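# Reading the structure
Each chain, letter by letter, is given below.
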Amino acid sequence: MTNQNHEKLGTIHVSPAAIATIASHALLTSYGVVGMASKNAINELAAQITRDPHHGVNVRYENGHIIIDLYVIIEHGTRISSVAASVINAVRFNVEKMVGLPVQQINLYVQGLRVNTSH
Amino acid sequence: MSSSKPSSQSPEDSSQPCNGQSLKRMARAGLAWLEKNYEKVNALNVFPVPDGDTGTNMLLTMRSAYKEIANSDEKNIGRVAQLIYNGALMGARGNSGVILSQLWRGFSAAIDSSETLDVQLLVRGLQEATRTAYRAVQEPVEGTILTVSREVAEAAEIAASENADVRYVMDQIVRQGWDAVKRTPQMLAVLREAGVVDSGGCGLVYVLEGMQKALNGESLDIEADNERAAQLQSALAPQDELGYGYDVQFLIKGQGLDVEKVRADIEAMGDSTLVVGDSNLIKVHVQSTIRGFLSAMVLNREFC
């Protein structure tokens, strides 16, 4: 399913994959996020095999509302609640700015922490 | 801290080694200087999300950091640096606050358990601070606080090879820090388009500049623990972790609109509200989180 915007000359469809691309890009530069993960082992395997460009990002529409699930790995030794809030804020801002549609919900799952051995 | 501190004190004697108490005085001055300037930092905030809270976030993070050492008599500088990192970690707010905590983390890791700080250790500390801060993001964006911290570390290394005086090195650090801040728009298009320098980088140099002032004997008093600071903080603190949310403006068209009623409803939804108009048209401006705003709109259907 895609979201539709009715314009005078026709309709604009924004696919979940397009939104996932925007979200993935925002995550790459989100401070404290050091990697993406999958919902479960099977998804992880599939993501590795297909080299999923939206690894760890799941976008869906429910009743025309955008809902985004993020599965991330965060740097150990950072304040996770602050990193999480900033990530949600950045993804929401970037998607809403570029797509022009409000995001109903962003769910962030901290799937792991990366411990730096040099510390 | 007591508020009856003398208004000036002698410069840190350069023959005296820089110990834990020196770092404590410097951290206190860094906090105080940021406290005086954080509103300027807020005004610059356009990246990564233009929510105008960088200065507030860095200030609250530094406050949390200083709280850990405020009553400490610890002489060991490594131990004090570690406490500052712990405090910054626990109180880190927003992107810039988290990055600031990582800078302290790297600094304290390099200082380790050293008793005192010399120029060489200062350089190593700043280098490790930068390395640590860069590690916690997949694709670091240049033209931000990260760039400023890296250039500060580079400046420290050069200055240390010229003169082994901590005060001289600190002067060069601040000078190069401001220079780096000035060049951030050349590196990051978002800043250039908005006509601002980077807010996080600016906040970092304010902290360093405060520390430099302490090293040169200038006394800066923090507002912590007094009533004004408490009021300031509660007035500033966004209602939830997601910050100030969105700046929303819209028009309400209708018949027989009750401006006073709409104003009361809108004021309940967010901050910086402006509701003007007449019974047929009302213009509304409000800063609110989208979530809070929308849920309030749904609950107040009568004027939708």
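Residues numbered from 1 in each chain as written. Chains lettered and ligands numbered in written order. Predicted model: local features only at pLDDT ≥ 70, side-chain atom pairs only at ≥ 80, totals over all residues.

### Considering the overall build of chain A
Stated precisely, the cut-off is as follows: Helix and strand assignments come from DSSP, with helices taken as H or I runs of at least 4 residues and strands as E runs of at least 2, each series counted from the N terminus. With C-beta atoms placed from the backbone, a residue is labelled by how many other C-beta atoms lie within 10 Å of its own: buried for 20 or more, exposed for 12 or fewer, partly exposed between the two.
Counting secondary structure elements, chain A contains three helices and six strands. Seen through its principal axes, chain A has C-alpha atoms that stretch 60 × 30 × 20 Å. The buried share of chain A, taken over its 119 residues, is 35%.

### A look at the interface of chain B and chain A
Heads up, the condition is: Throughout, a pair of residues is in contact if the C-beta atoms placed from their backbones lie within 7 Å. When residue character is reported, Ala, Val, Leu, Ile, Met, Phe, Trp, Tyr, Cys and Pro are called nonpolar, Asp, Glu, Lys and Arg charged, and the others, Gly included, polar.
Each side of the interface is counted separately: chain B has 25 residues, and chain A has 22 residues. Ranked by residue count, the leading element in the side of chain B that touches chain A is helix 4 (residues 94–111) of chain B, at nine residues. Residue composition of the side of chain B that touches chain A, by class: 13 nonpolar, seven polar and five charged.

### Comments concerning the environment of Asp-53 of chain B
Within the secondary structure, Asp-53 of chain B sits in the loop between helix 1 (20–44) and helix 2 (54–69). Taking the C-alpha atoms as reference, Asp-53 of chain B lies 9.1 Å from Tyr-38 of chain B; in sequence the two are 15 residues apart.

### A few points about the packing of helix 1 of chain B against helix 3 (residues 77–91) of chain B
Residues and elements named next belong to chain B. Under the convention used in this document: Axes here mean lines fitted to C-alpha atoms, for a helix over just the part in contact, with angles spanning 0 to 180 degrees between N-to-C directions. The sense of a crossing depends on the near helix, which, turned anticlockwise from the far helix by less than a right angle, makes the crossing left-handed and, turned clockwise, makes it right-handed.
Interaxial distance between helix 1 and helix 3 falls to 7 Å at its minimum, and their mutual angle equals 35°. The interaxial crossing formed by helix 1 with helix 3 has right-handed handedness. Facing helix 1, whose interface residues are Gly-20, Leu-23, Lys-24 and Ala-27, helix 3 presents Ile-77, Arg-79, Val-80, Ala-81 and Ile-84. Here the contact of helix 1 with helix 3 is built from residues that sort into six nonpolar, one polar and two charged.

### Details of the nonpolar core
Applicable threshold: Connectivity within a nonpolar core runs through C-beta atoms within 7 Å, and the core itself is a set of buried Ala, Val, Leu, Ile, Met, Phe, Trp, Tyr and Cys residues.
Core analysis: the biggest nonpolar cluster contains 104 residues, and Ala-23, Val-87 and Val-91 of chain A together with Ile-84 and Ala-156 of chain B have the highest contact counts within it. Look past the residues within four positions of Val-87 of chain A in its chain and what remains in contact with it is Leu-27, Ser-30, Val-33, Leu-70, Val-72 and Leu-108 of chain A. Met-269, Ile-282, Val-284 and Val-286 of chain B belong to the second largest nonpolar core, which has five residues in total.

### Brief notes about helix 9 (residues 199–215) of chain B
Rules: How far a helix is expected to stretch is found by multiplying one less than its residue total by 1.5 Å.
The terminal C-alpha atoms of helix 9 of chain B lie 25 Å apart, and with 17 residues this matches the ideal 24 Å at 1.5 Å per residue to within 8%. The element helix 9 of chain B is extensively covered by neighbouring structure, given that 16 of its 17 residues are classed as buried.

### A word on unusual backbone geometry
With an omega dihedral of -5°, the bond running from Phe-47 of chain B to Pro-48 of chain B counts as a cis peptide bond. In this structure, Asn-63 of chain A takes a positive phi of about 50° despite not being glycine. Inspection of the secondary structure assignment puts Asn-63 of chain A in the loop between strand 4 (57–62) and strand 5 (65–75). Residue classification places Asn-63 of chain A among the exposed positions, given that 6 C-beta atoms sit within 10 Å.

### Looking at the environment of Pro-17 of chain B
For Pro-17 of chain B, the location among the structural elements is in the segment before helix 1. By C-beta crowding, Pro-17 of chain B is classed as partly exposed, having 14 other C-beta atoms within 10 Å.

### Here's the deal with the confidence of the model for chain A
As a reminder of what qualifies: Confidence of the prediction at every residue is given by pLDDT, a number between 0 and 100.
When the pLDDT values of chain A are averaged, the result is 89; 92% of them are 70 or greater. Within chain A, strand 1 (residues 3–7) of chain A has the poorest average pLDDT of any element, 62, and strand 5 of chain A the best, 96.

### Points about helix 6 (residues 145–162) of chain B
Under the 1.5 Å per step criterion, the end-to-end length of helix 6 of chain B is 26 Å for 18 residues, consistent within 8% with the ideal 26 Å. On its buried face, helix 6 of chain B is in contact with helix 4, helix 5 (119–135), helix 7 (166–187) and helix 9 of chain B.

### Digging into the pairing of strand 4 of chain A
All names here are of chain A. We apply this condition: Only strands that DSSP links by at least two bridges are regarded as paired with each other.
By the bridge criterion, six bridges tie strand 4 to strand 5 in an arrangement that is antiparallel. Looking at the pairing, Tyr-61 lines up with Ile-66 of strand 5. In sequence, strand 4 turns back onto strand 5 through a hairpin of two residues, with Asn-63 there showing a positive phi of about 50°.

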